[in-house]
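Each chain is listed here by its residues.
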Amino acid sequence: MPRISRFYFGIAIVFLMIGIGLGLKMAITQDHAMAPVHAHINLLGWVTSALFGGYYALNPGKAHGWLPRAQCFIYTLGLIVMLPGLYWLYDGNPAIEPVVAIGSMAVALGVALFAMVVFTPGRELPTT
Ligand code: HEM
Ligand code: HEM
């Protein structure tokens, strides 16, 4: 499996554990106010990261070079800025909104770079 896939699955499973932890907390406390935070931790942090990792594993020729590295770096950095910021925002701290906005834009840029990876012809390289 390419290193980038291993990295994506590593961060994905961490976000799944956090997302499920938050889901259980909401279910136990009967306070669902954090549902959008839970949804994005699970869908951006777990599902989308794992899909990216799966794509690179299925297309190892696309997993090398500056473009996938930049894609992975910017998307992951975006998640690390956006998701904790979102938690603080829904925890009643509106001042954090600009940080969430910057993180969201980095996530969106990571997605745009992934579109470039998908549409750029890949080299046929052996799986590493
Ligand atoms: C043990 C695991 C989980 C628990 C206990 C849990 C619990 C919850 C709870 C209590 C809500 C709020 C429901 C509401 O107020 O309408 C919720 C919403 C949500 N959960 Fe989970 N969840 C779990 C796992 C997951 C996973 C793995 C995903 C995605 C891969 C996920 C995706 C969502 C989404 C998208 C929403 C928002 C739904 C909406 O907007 O109506 N959850 N979850
Ligand atoms: C940078 C990317 C994204 C931004 C800025 C964003 C923004 C938002 C916003 C503003 C809401 C409304 C929240 C509220 O009602 O308080 C929302 C809800 C939601 N988004 Fe996203 N979103 C993003 C990516 C995604 C992705 C990739 C998915 C699915 C794979 C997704 C799934 C959802 C779901 C299921 C809800 C409803 C959650 C709920 O109300 O409980 N979002 N999103």
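Residues numbered from 1 in each chain as written. Chains lettered and ligands numbered in written order. Predicted model: local features only at pLDDT ≥ 70, side-chain atom pairs only at ≥ 80, totals over all residues. Heavy atoms only, no water.

A. Representation of the packing of helix α2 (residues 35-58) against helix α3 (residues 66-90) within the structure. Two elements in contact, α2 and α3, have axes whose closest approach is 9 Å; the angle formed by their N-to-C orientations is 170°. The angle between the axes of α2 and α3 places the two elements in the roughly antiparallel class. Counting all contacts with α2, which are made through Pro36, Val37, His40, Ile41, Leu44, Gly45, Thr48, Ser49, Phe52 and Tyr56, the residues of α3 involved are Pro68, Gln71, Tyr75, Leu79, Met82, Leu83, Leu86, Tyr87 and Tyr90. By residue class, the composition of the contact of α2 with α3 is 14 nonpolar, 5 polar and no charged. (Axes fitted to C-alpha atoms, helices over the stretch in contact; angles between N-to-C directions. Helix = DSSP H or I, 4+ residues; strand = E, 2+ residues; numbered from the N terminus. Parallel < 35°, antiparallel > 145°, perpendicular 65-115°, else oblique. Contact = heavy atoms within 4.5 Å. Nonpolar A, V, L, I, M, F, W, Y, C, P; charged D, E, K, R; others polar.)

B. Fine view of the nonpolar core. Ranked by size, the top nonpolar core spans 27 residues in total, and within it Tyr8, Tyr56, Tyr75 and Leu79 carry the most contacts. Not counting the four nearest positions on each side in its chain, tyrosine 8 is found in contact with Ser49, Phe52, Gly53, Tyr56, Gln71, Cys72, Tyr75 and Thr76. (Core = buried A, V, L, I, M, F, W, Y, C linked by side-chain atoms within 4.5 Å. Buried < 20%, exposed > 50% of the residue type's maximum accessible area, 1.4 Å probe, protein only.)

C. Structural context of the coordination of the iron atom of ligand 1. In this structure the iron atom of ligand 1 is ligated by exactly one protein donor, His38 (NE2), at 2.0 Å. Relative to the helices and strands, histidine 38 is located in helix α2. (Donors = N, O, S within 2.8 Å, 3.2 Å for Na, K, Ca; no water.)

D. Highlighting the site of ligand 2. Ligand 2 sits among Ala35, Pro36, Ala39, His40, Leu43, Leu44, Tyr90, Ser104 and Val107. Histidine 40 places a side-chain nitrogen or oxygen 2.9 Å from a nitrogen atom of ligand 2. The contact in question runs from an oxygen atom of ligand 2 to an N or O atom on the side chain of tyrosine 90, over 2.4 Å. Listed by contribution, the elements that provide at least two residues to the shell around ligand 2 are α2 and α4 (97-119). With 6 residues, the single largest contributor to the shell around ligand 2 is α2. The residue makeup of the shell around ligand 2, split by class, is 7 nonpolar, 2 polar and no charged. (Near = heavy atom within 4 Å. Polar contact = N/O pair within 3.5 Å; in protein donor to acceptor, adjacent residues only side chain to side chain.)

E. Structural view of the side chain of serine 49. By secondary structure assignment, the location of serine 49 is in helix α2. Once residues within four sequence positions are removed from consideration, serine 49 is found in contact with Tyr8, Ile11, Ala12, Leu44, Tyr75 and Leu79.

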